[in-house]
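# Breakdown of the fold
What follows is each chain in one-letter form.
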Amino acid sequence: MAGRRVECLWKRHVVEQLKQRDRVQRQAFEEIIHQYNRLLERSDLQAVFSERLQTDKYEQQNRHDLSPGVDGGRCDSLQQEMAQMRIKHQEELTELHKKRGELAQSVIELNNQIQHKDKEIQSNEAKMLEYQQQISHLEGECRELRNSLADLERANQTLKDEYDALQITFNALEEKLRKTTDDNQELVTRWMAEKAQEANKLNAENEKDSRRRQAKLQKELADAAKEPLPIEPDDDIEVLSEDAGKGTGETSPSRQPSRTPSKRTSQPLPPAGLLDSITNIFGRRRSVNSFGTSPETAEAPSMCTEVRVPSTALHIFDAHDGEVNAVRFSPGSRLLATGGMDRRVKLWEVISGHCEPKGALTGSNAGITSIEFDSAGSYLLAASNDFASRIWTVDDFRLRHTLTGHSGKVLSARFLLDNARIVSGSYDRTLKLWDLRSKVCMKTVFAGSSCNDIVCTEQCVMSGHFDKKVRFWDIRSESIVRELELLGRVTSLDLNQDRSELLACSRDDLVKIIDLRSNAVRQTFSAQGFKCGSDFTRVTFSPDGSYVAAGSADGVLYIWNVLTGKLDKTLDKGHSSAINSVSWSPSGAYVASVEKGSKAVLWSDM
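Residues numbered from 1 in each chain as written. Predicted model: local features only at pLDDT ≥ 70, side-chain atom pairs only at ≥ 80, totals over all residues. Heavy atoms only, no water.

### A closer look at the side chain of Asp 494
Stated precisely, the cut-off is as follows: We count a stretch as a helix when DSSP gives it H or I for four or more residues in a row; a strand needs E for two or more, and each element gets its number in order from the N terminus. Note on classification: 1.4 Å probe, protein chains only; a residue is buried when its accessible area is under 20% of the maximum for its type, exposed when over 50%, partly exposed between these limits. Charge counting treats Lys and Arg as positive and Asp and Glu as negative, with His and both chain ends excluded. Definition used for salt bridges: Asp or Glu carboxyl oxygen within 4 Å of a side-chain nitrogen of Lys or Arg. Distance and chemistry together define a polar contact, namely a pair of N or O atoms within 3.5 Å, with one atom able to donate a hydrogen and the other to accept it when in protein, and with adjacent residues in sequence counting only for side-chain atoms on both sides. For this analysis, residues touch if any pair of their heavy atoms sits within 4.5 Å.
Looking at the element boundaries, Asp 494 is found in strand 20 (residues 490–495). Of the buried charged residues, Asp 494 lacks a salt bridge, with Arg 328 as the closest side chain of opposite charge at 5.2 Å. Within the structure, Asp 494 has its side chain in polar contact with the side chain of Thr 540 (distance 3.3 Å). A polar atom in the side chain of Asp 494 sits 2.8 Å from the backbone nitrogen of Phe 541. Other than its neighbours up to four places away in sequence, Asp 494 contacts Val 455, Glu 501, Leu 502, Leu 503, Val 539, Thr 540 and Phe 541.

This is how it looks when you write it as structure tokens:
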């Protein structure tokens with residue numbers, strides 16, 4: 001039925017189009033046809049007139065033959081009139097023939113046009129049939145699209161309902177998260193307060209124990225002083241130097257123990273514990289630092305007499321349980337500190353080319369990112385991933401300060417030259433200045449990019465950032481004095497001994513020396529195979545500034561000569577993974593390096 005209806009529709013449409021064309025084209029040719037018909041009628045009339053003329057001529061001739069004398073003049077006039085009429089009719093006939101030819105030509109042209117139009121009609125009919133088929137196909141597609149649209153509208157409504165339900169659930173969960181965050185913050189605050197109380201209690205107990213030992217010692221000294229001790233002339237008494245090591249019997253190399261003759265006594269000597277206590281009291285050297293306390297193991301900074309370019313791995317040992325991020329020698333080069341992802345800072349005593357474990361500093365809640373000794377070697381500062389920096393005393397491994405305030409990982413922390421303030425840089429794109437006397441944050445500076453490392457001079461802090469820039473800050477004005485952009489993310493900064501040159505390592509696998517007087521790159525070091533392993537790869541100057549040491553992602557230690565600018569040594573027998581940090585001992589005798597694995601290596605030329 002549908003096919004028959006469609007066929008009737010297009011037939012009716014064709015008939016209407018033909019009628020419309022007939023009406024339009026008939027109006028155009030109707031006048032020509034009318035004129036042609038008139039010409040035909042006049043032609044017929046002219047034929048009739050010609051016949052009549054012929055008849056009249058024949059009759060006149062007959063009359064002339066019958067009465068030639070009477071009607072002679074009249075016949076002449078008639079002949080003249082007939083001649084004129086003949087000429088006139090001849091002209092009209094000629095004009096009619098001419099018009100007939102023109103009309104015939106017009107008819108031919110119109111017939112050609114009609115044939116051309118018929119062809120166009122046939123072509124249009126074929127196109128109409130094709131268009132009808134397309135219309136039918138499109139109508140089917142339209143019905144399908146309408147059905148799909150209805151399905152999509154229903155699915156959209158369902159999804160909208162689900163979204164509204166999820167939005168309500170999300171708002172409820174967000175409110176719950178906010179409450180949980182507030183509760184967590186409150187718990188963290190309470191936990192930190194309790195931890196501080198526990199630390200204070202532990203410190204108080206240690207102080208009480210120390211006082212009890214001192215009181216007992218004073219009592220023993222008083223009792224011993226009351227007993228006379230005759231001395232024989234041939235006795236030798238050892239005079240301990242001021243620089244004697246704590247409980248180890250070490251003596252200063254510049255002062256040898258001297259012996260004085262004395263008399264032997266027949267009475268028994270005081271107990272060994274008493275002598276040890278006396279030695280510990282009078283053999284220690286006390287120094288007062290800027291914290292207001294007097295640590296008993298303040299270490300005198302060692303002077304660099306000669307820098308040794310390492311060539312051999314003296315000691316390879318497992319430093320931590322997991323990745324080791326930081327390493328630093330103490331100012332006297334006697335201790336080596338390492339920090340790792342196991343949340344510990346470990347102290348190692350360097351003895352004859354070996355690192356002997358001395359103790360561990362605990363209290364951090366996440367991995368250690370950087371380590372720094374104060375100028376006396378009495379305190380150790382460490383930054384960690386738990387958004388805090390901490391300070392321990394080296395002699396008793398006690399946690400002294402916990403500095404919290406950053407909202408991201410603390411990637412570097414340094415003592416200022418007065419040892420009473422520190423600067424910390426964080427992943428939260430800020431630098432903070434802390435006063436250790438008041439234990440508060442004095443200033444916070446927004447750097448605009450994650451701070452990966454920091455070094456300090458007297459009044460200037462230099463920071464290396466994720467946005468490839470080294471920024472120079474004036475501590476007093478909290479403003480950027482200047483900045484220098486490198487070609488890669490800055491991973492490490494270090495100063496030479498006279499603080500006139502800055503060493504910078506970046507992720508473009510280049511190590512550069514920046515002249516702080518001209519604020520320009522003075523020297524660039526690179527090597528075939530050298531690749532910076534992470535955003536926190538630390539490099540170092542030698543104590544005299546004549547060499548640069550850097551660890552590569554392939555576990556090779558590279559050493560460049562600053563004077564020549566050429567690669568001096570490559571040490572590849574020690575590490576099995578990327579080297580994270582390198583430290584050169586202030587004495588110039590050792591280089592220590594740590595890796596992404598758990599190993600640390602002590603290098604020297606011995």
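### Here we look at the sheet that holds strand 30 (residues 599–604)
Note the following rule: Strand pairing is defined by DSSP finding a minimum of two bridges between the two strands. Only the contacting stretch of a helix is used when fitting its axis, a line to C-alpha atoms as for every element, and angles between N-to-C directions run 0 to 180 degrees.
Spatial ordering of the open sheet is given by 3-30-29-28, a layout of 4 strands whose pairing is antiparallel. Strands at the two margins of the open sheet, each flanked by one partner only, are strand 3 (312–318) and strand 28 (579–584). Put simply, the sheet's adjacent strands are angled 20° from each other on average, direction ignored. Pairing of strand 28 with strand 29 (residues 591–595), which is carried by 5 bridges, proceeds in the antiparallel orientation. From the neighbouring strand, Val 582 faces strand 29, where its bridge partner is Ser 593.

### Here we look at the sheet that holds strand 10 (residues 388–393)
Within a sheet, neighbouring strands are paired by backbone hydrogen bonds and run either parallel or antiparallel to one another. Reading across the sheet, the 4 strands line up as 8-9-10-11 and stay open at both edges, with antiparallel pairing between neighbours. Single-partner strands in this sheet number two, and they are strand 8 (368–373) and strand 11 (399–404). Within this sheet the neighbouring strands show an average axis-to-axis angle of 20°, counted without direction. Here 5 bridges tie strand 10 to strand 11, and the two strands are oriented antiparallel to one another. Bridge pairing links Trp 392 to Leu 399 in strand 11.

### A word on the packing of aromatic side chains
Convention followed: Stacked, edge-to-face and tilted labels apply to pairs of Phe, Tyr and Trp rings (six-membered ring for Trp) whose centres lie within 6.5 Å, assigned for plane angles under 30 degrees, over 60, and everything in between, in that order.
Scanning all chains against the criterion turns up 6 aromatic pairs. Note on Phe 317 and Trp 348: the rings are 4.8 Å apart at their centroids and 55° apart in plane angle, and the pair reads as tilted. Of the two residues, Phe 317 is situated in strand 3 and Trp 348 in strand 6 (residues 345–351); the sequence distance between them amounts to 31 residues. Taken individually, Phe 317 and Trp 348 each receive the classification buried, so the pair is uniform in this respect. Residues Phe 530 and Trp 560 carry aromatic rings whose centres are separated by 5.4 Å and whose planes lie at 90° to one another, so their mutual orientation is edge-to-face. Here Phe 530 is found in the loop between strand 23 (520–525) and strand 24 (540–541), whereas its partner Trp 560 is found in strand 26 (residues 557–561), with 30 residues between them in sequence. Like Trp 560, Phe 530 is buried.

### Brief notes about the confidence of the model for the protein
Low pLDDT means the predicted coordinates in that region are not meant to be read closely. As a reminder of what qualifies: Per-residue confidence from the predictor is reported as pLDDT, which spans 0 to 100.
Looking at the protein, pLDDT values average 82 and 83% of them are 70 or higher. Overall, residues 231–290 carries pLDDT values under 50, and its contacts beyond four positions in sequence, including any with other chains, amount to 89 contacts. For the stretch residues 292–297, pLDDT sits under 50, and the model shows 20 contacts to residues farther than four places along the chain or on other chains.

### Thoughts on the pattern of salt bridges
Counted by the stated rule, this structure contains 25 salt bridges. With its nearest N and O atoms 3.1 Å apart, the salt bridge here joins Arg 421 to Asp 418. Between Asp 509 and Lys 531 there is a salt bridge; the shortest N-O distance is 3.9 Å. In this pair, Asp 509 is assigned in the loop between strand 21 (501–506) and strand 22 (510–515) and Lys 531 in the loop between strand 23 and strand 24, connecting sequence segments 22 residues apart. Assessed through its relative accessible area of 45%, Lys 531 is described here as partly exposed. Three or more residues are tied together by salt bridges with common partners; here these are Glu 207, Asp 396, Arg 398 and Arg 400.

### Quick word on the pairing of strand 25 (residues 547–551)
With 5 of 5 residues buried, strand 25 lies mostly within the body of the structure. Here strand 25 shows two buried faces, one formed by Tyr 547, Ala 549 and Gly 551 and the other by Val 548 and Ala 550. In this structure, strand 24 lies alongside strand 25, joined through 2 bridges in antiparallel fashion. Each bridged residue has a counterpart across the sheet, and for Thr 540 the counterpart in strand 25 is Ala 549. Where strand 24 folds back onto strand 25 in an antiparallel hairpin, the turn is made up of 5 residues, including Gly 545, whose phi is positive at roughly 75°. Where strand 25 and strand 26 come together, 5 bridges link them in antiparallel fashion. Paired with Tyr 547 across the strands is Asn 561, a residue of strand 26. Once strand 25 ends, the chain turns through 5 residues before running back antiparallel as strand 26, passing Gly 555 with a positive phi of about 85°.

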